[in-house]
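# Fold and contact review
As a plain string of letters, each chain reads:
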Amino acid sequence: MAEETIYLCNFRVSVDGEWLCLRELNDVSMTPKLQSPEEEDPNVVERTNLLNMSKLCIKGLIESALEEGRTLDSDHQPLQQFFALMEHVMTHGLKGKKSFLEKKKDFWGPLEALERIIPEANEIIDSVKNLPGIKTNLGRGRAFVRLALMQKKLADYFKALIERKDILGEYYESNALMVEEEASVIAGLLVGLNCIDCNLFIKEDDLDNQIPVIDFSMYFKEGNYLEKPNGSAGDPGASAPNITALLDQKNYVEELNRHLDTTVTTLQGKVRDLEAANSTMKEEFAAAKNDIITLQTVNEALKSDNASLRAGLEKKLEIAKADIDVERETYQTSRKGLNELYEETRKQLDQETNIRFEVEKELELQISMKQEIEMALRLLEKDIHEKQDTVVSLRKQIDDIKAINIDLYNKMQQFDGSLKHKTELVSKLEEKTKQMSATIKDLEERLKKSEKERVAAEETVRKLGLQLAEKDARRAAVETDLKIEKEWRSTLQTDLAKEKEEVQQLETELQQMGELKKEFSNLQQEHLQLQKTCEDQELTLTDMGNKLSESRLKMDDMFEQQQYLKEKTWTDDKEVTSCKQCNKAFSVSRRKHHCRHCGDIFCNNCSDNTMPLASSAKPVRVCDNCHTLLLQRFSASKS
């Protein structure tokens, strides 16, 4: 024990760069000695001092953890000393990055290089990079050391890093601690920290602005080490080193007080900020209560409005359904009648179109016959000069017949109506055409006869008189036929007027059917709109119910958390000797474990559960009762 103890009287405190350097004095006898240049090398002295301090710090940390139940938090003083010492170890001989104002040193670079050495370190490095409150590389390095200690992998990472000299050469000088043999000794010391459980709140600590100070007062030993071991008190040779040691201690204490003053001021500022945040949280909580009361009143009003709207909509829907059923029946009956009428009219139109095609064919035949008659009449005009009077009268009759035929043709195009009358007209027209063809044949025979009689005109005068008489009789018959055709024309006009009236009635009925269809489509659209409004209102009601249930669950959680915070106390390890749940006494094999939710102490079997809490970034240890309570709350909030 005496050989491992480092007394402050044997060291001189001086500032070297950015960290405190402990330079070793002569020896316990305080007698000056001549030293070689190798012994006076400050890097060697710094490495040996850091190694000895590492031994003391790690040993004291393990002893304090065993005394306090092996579970440490951020406020544990030996743990803070260990983090400050590790920072000095990691920054010893570190190559700095030159900036405009100063030379910056941070040990995040070699720690980040662990990704290339150990693939398992990727997870911890990514989690350090994603921490929201850390903005500098120095803060990231400090967070890495804390997370590695909580995972009990700090010794593994440190050992893997010091074994890669090629990577360390990029970040450290040749005489740095991490490159020399002292680093392997420190790696062996770090293995002993795997028996310690730590629960550190990294998000709450200001890792960017912390000042790493080692408090040597924890390692002071009792006894007057300034006395001369073999000399008298009044010896002037021994008084000089005692005075220098006292001055060194005084300077260190003053420096320590200055750092403590700065930490006190920072802590006072944090307390003020927390008080202000607490007051704002209280105000927000009161405002949230008022909002919840208003929301409850609004919810009740909305429920009453919803009930009234639902009753009115149901009545309207019933009325609309009855109207739609009645309209549907009327529409079906009207549709049947219209379908029948449509089929009948369609049949009539098909018949009329067929008759129209036949009539057009017959008219084409008549037109061709008329052209032949004209040619025959021209020949008669040329050949028969003597019978001009009879030919002129025949021409007039033929012209009248042409006009009548043209009028009939135009009328047949205009009147595509009724089938019965047109069939009768067609039959009569066929008879007339037959008669005309017979007359044309007679005329041809008479023309032949006239040609024969042309030679003997004088002899046939009597015969011509008889023929003229016969022609007069035929002319009278033709006039009677024309009168009959006029009468048929008038009858056809009356029939066409009647058919036009029937067509107009059918068009009006079709227009009424179109209006009925439009009204039916409008009613269907209104019915769909009413259904959409009902569905939208039901969705809004369900959303309001879900929001109210969520707000009630949040209020219950907040109320339970407040009661829990009021009742929560962190029990001391010294006050408890047995497990709170199973009442088994604690021993070396049965260790004490704090529940991070209720603060009580349990054995490992009764607290081997982990759950995420609001105060920790990762799942922490909780007892069985708290585990079931948190699971019920989590399931209730999810549902």
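Residues numbered from 1 in each chain as written. Predicted model: local features only at pLDDT ≥ 70, side-chain atom pairs only at ≥ 80, totals over all residues. Heavy atoms only, no water.

What follows deals with the overall build of the protein chain. Broken down by element type, the protein chain carries 14 helices and 10 strands. Split into buried and exposed, the 639 residues of the protein chain put 30% on the buried side. Considering only contacts in the protein chain between residues 6 or more positions apart, those separated by 24 or more positions represent 66%. Carbon and sulfur atoms make up 54% of the accessible area of the protein chain, which amounts to about 42,400 Å² in all. (Helix = DSSP H or I, 4+ residues; strand = E, 2+ residues; numbered from the N terminus. Buried < 20%, exposed > 50% of the residue type's maximum accessible area, 1.4 Å probe, protein only. Contact = heavy atoms within 4.5 Å. Areas by Shrake-Rupley, 256 points an atom, 1.4 Å probe, with all protein chains shown as cover.)

Running from N to C, helix H5 (residues 121-129) and helix H6 (residues 137-150) point in directions that differ by 135°, and their axes come no closer than 10 Å. For the element pair H5 / H6, the angle class is oblique. Crossing geometry of H5 relative to H6 is assigned as right-handed. The residues of H6 that touch H5, namely those facing Ile 124, Ile 125, Ser 127 and Val 128, are Arg 140, Ala 143, Phe 144, Leu 147 and Ala 148. Tallied by class, residues from the contact of H5 with H6 come to seven nonpolar, one polar and one charged. (Axes fitted to C-alpha atoms, helices over the stretch in contact; angles between N-to-C directions. Parallel < 35°, antiparallel > 145°, perpendicular 65-115°, else oblique. Left-handed = near helix turned anticlockwise from the far one by under 90°. Nonpolar A, V, L, I, M, F, W, Y, C, P; charged D, E, K, R; others polar.)

What follows deals with the nonpolar core. Ranked by internal contacts, the top residues of the largest apolar core, which has 60 residues, are Phe 82, Leu 114, Phe 144, Phe 158 and Leu 190. The leading source of residues in this core is helix H2 (residues 77-91), at eight residues. Counting residues in each nonpolar core, the second largest holds 16 residues, with Cys 579, Phe 586, Phe 602 and Leu 630 among its members. (Core = buried A, V, L, I, M, F, W, Y, C linked by side-chain atoms within 4.5 Å.)

Attention now goes to unusual backbone geometry. Not every positive phi belongs to a glycine, and Lys 152 is a case in point at roughly 60°. Residue placement: Lys 152 occurs in the loop between H6 and helix H7 (154-163). Phi at Asn 583 takes a positive value of approximately 60°, unusual for a residue other than glycine. You can see Asn 583 is positioned in the loop between helix H13 (461-567) and strand S7 (593-594). With a relative accessible area of 57%, Asn 583 lands in the exposed category.

Another point: the packing of aromatic side chains. With the rule as written, the count across this model stands at three aromatic pairs. Here Tyr 331 and Phe 520 contribute two aromatic rings whose centre-to-centre distance is 5.9 Å and whose plane-to-plane angle is 0°, an arrangement assigned as stacked. With Tyr 331 in helix H10 (residues 236-383) and Phe 520 in helix H13, this residue pair connects regions lying 189 residues apart in the sequence. What makes Tyr 331 partly exposed here is its relative accessible area of 24%. Here the basic side chain of Arg 146 rests over the ring of Phe 83, its NZ or CZ set 4.2 Å away from the ring centre. (Phe/Tyr/Trp six-rings, centres within 6.5 Å; stacked < 30°, edge-to-face > 60°. Lys NZ or Arg CZ within 6 Å of the ring centre and 35° of its normal.)

Turning next to the pattern of salt bridges. Applying the stated criterion to the full structure yields nine salt bridges. Between Arg 47 and Glu 182 there is a salt bridge whose closest N-O contact spans 3.7 Å. Taken together, the residues Arg 47 in helix H1 (residues 42-67) and Glu 182 in helix H9 (residues 182-190) connect sequence positions 135 residues apart. Side by side, Arg 47 and Glu 182 carry an identical accessibility label, which is buried. When the shortest N-O distance is used, the salt bridge between Arg 164 and Asp 166 registers 3.3 Å. Residue classification places Arg 164 among the partly exposed positions, given a relative accessible area of 32%. (Salt bridge = Lys/Arg side-chain N within 4 Å of Asp/Glu carboxyl O.)

What follows is about the side chain of Arg 146. Locating Arg 146 in the fold gives a position in helix H6. Ignoring sequence-local partners within four residues, the contact set of Arg 146 consists of Phe 83, Leu 200, Ile 202, Leu 207 and Gln 210.

Mapped onto the elements of the fold, Glu 115 is located in helix H4 (residues 114-117). Owing to a relative accessible area of 29%, Glu 115 belongs among the partly exposed residues under this scheme. Sequence separation between Glu 115 and Ile 125 is 10 residues, and the spatial gap between their C-alpha atoms is 7.9 Å. Sequence-distant contacts of Glu 115, that is, excluding residues within four places in its chain, are made with Asn 122, Ile 125, Asp 126 and Lys 129.

Our next topic: the environment of Asp 399. Structurally, Asp 399 can be placed in helix H11 (residues 388-414). For Asp 399 and Glu 374, which are 25 residues apart along the polypeptide, the C-alpha to C-alpha distance reads 9.8 Å.

Moving on, we get to the environment of His 627. Locating His 627 in the fold gives a position in helix H14 (residues 624-638). In this structure, the C-alpha to C-alpha distance between His 627 and Asn 609, residues 18 residues apart in sequence, is 6.8 Å. In contact with His 627, not counting residues within four places along its chain, are Asn 609, Thr 610, Met 611 and Val 622.

Our focus in this paragraph is H7. Among the 10 residues that make up H7, seven are buried, leaving the element largely enclosed by the rest of the structure. Among the residues of H7, those classed as buried are Leu 154, Ala 155, Tyr 157, Phe 158, Ala 160, Leu 161 and Ile 162.

On to the packing of H7 against H9. Contact geometry of H7 with H9 gives a least axis separation of 8 Å together with a crossing angle of 165°. Taken together, the axes of H7 and H9 lie roughly antiparallel to each other. The hand of the H7/H9 crossing is left-handed. Each of Leu 154, Ala 155, Phe 158, Lys 159 and Ile 162 in H7 lies in contact with H9, whose residues at this interface are Ala 183, Ser 184, Ile 186, Ala 187 and Leu 190.

Applying the stated criterion to the full structure yields zero disulfides. Of all cysteine sulfurs in the structure, the one in Cys 606 sits closest to Cys 603, which takes part in no disulfide; the separation is 3.5 Å. (Disulfide = S-S within 2.5 Å.)

Mean pLDDT over the protein chain: 78, with 82% of residues reaching 70 or higher. Per-element mean pLDDT across the protein chain ranges from 40 in strand S1 (residues 11-16) up to 92 in strand S8 (residues 601-602). Here residues 1-39 scores under 50 on pLDDT; set against residues more than four positions off or in separate chains, the count is 82 contacts. Across residues 221-236, where pLDDT falls below 50, the model places 13 contacts with residues more than four positions away in sequence or in other chains. (pLDDT = per-residue confidence, 0-100.)

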